[in-house]
Amino acid sequence: MAGRRKVLSPDHTRALIKEAIGIIEGDHAIQVEAAAEIVAIEAAYNASNPKPRPKRTNRR
C-alpha cells in the first residue's frame, strides 16, 4: 500500500460539491461560503487528529 486512503465526511463532500456548483454557476458568494466551510472542517479534523512528531536523531 502506497499510503492511507482518505475518506471524506458527508459534510466535507457536501461543501466540496457546493463549492463546485458555485464555480460552475459563477456565484462567488456560494464559492467563498463553501471554501470557508471546507477550511473549518479540515481545521477541526486536524485539531482532533494531530500528526505524530518525528523522532529526534541522536547527535554525538
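What comes next concerns the included structure. Computed from a prediction, not measured in an experiment: that's the story for all the values here. Sequence order as written defines residue numbering, which begins from 1 separately in each chain. Local features in this predicted model are restricted to residues whose pLDDT is 70 or higher, and side-chain atom pairs enter the listing and the counts only when it is 80 or higher, whereas totals over whole chains, interfaces and linings include all residues. The side-chain values count all of the structure's non-hydrogen atoms but skip hydrogen atoms and water molecules.

1. Quick look at the packing of helix H1 (residues 10-25) against helix H2 (residues 28-48)
Each pair of packed helices can be described by the angle between their axes along with the distance between the axes.
Step number 1: In this analysis, axes come from line fits to C-alpha atoms, helices being fitted only over the stretch in contact, and the angle between any two N-to-C directions falls in the range 0 to 180 degrees. Helix and strand definitions here come from DSSP, where helices need a minimum of 4 consecutive H or I residues and strands a minimum of 2 consecutive E residues; each element is numbered from the N-terminal end. Relative to each other, H1 and H2 sit at 155°, their axes nearing to 8 Å. Our classification of the angle between H1 and H2 gives roughly antiparallel. Crossing of H1 over H2 shows left-handed handedness. In contact with Asp-11, His-12, Arg-14, Ala-15, Leu-16, Lys-18, Glu-19, Gly-22 and Ile-23 of H1, H2 contributes Ile-30, Gln-31, Glu-33, Ala-34, Ala-35, Glu-37, Ile-38, Ile-41 and Glu-42.
Step number 2: Split by residue class, the contact of H1 with H2 holds eight nonpolar, three polar and seven charged. By the definition adopted for this analysis, an angle is roughly parallel if under 35 degrees, roughly antiparallel if over 145, roughly perpendicular if from 65 to 115, and oblique otherwise. Here a crossing is taken to be left-handed if its near helix is turned anticlockwise relative to the far helix by less than a right angle, and right-handed if that turn runs clockwise. Here, two residues are considered to be in contact whenever any of their heavy atoms come within 4.5 Å of each other. Only Asp, Glu, Lys and Arg are considered charged, only Ala, Val, Leu, Ile, Met, Phe, Trp, Tyr, Cys and Pro nonpolar, and every remaining residue, Gly among them, polar.

The analysis is restricted to geometry; functional conclusions fall outside its scope.
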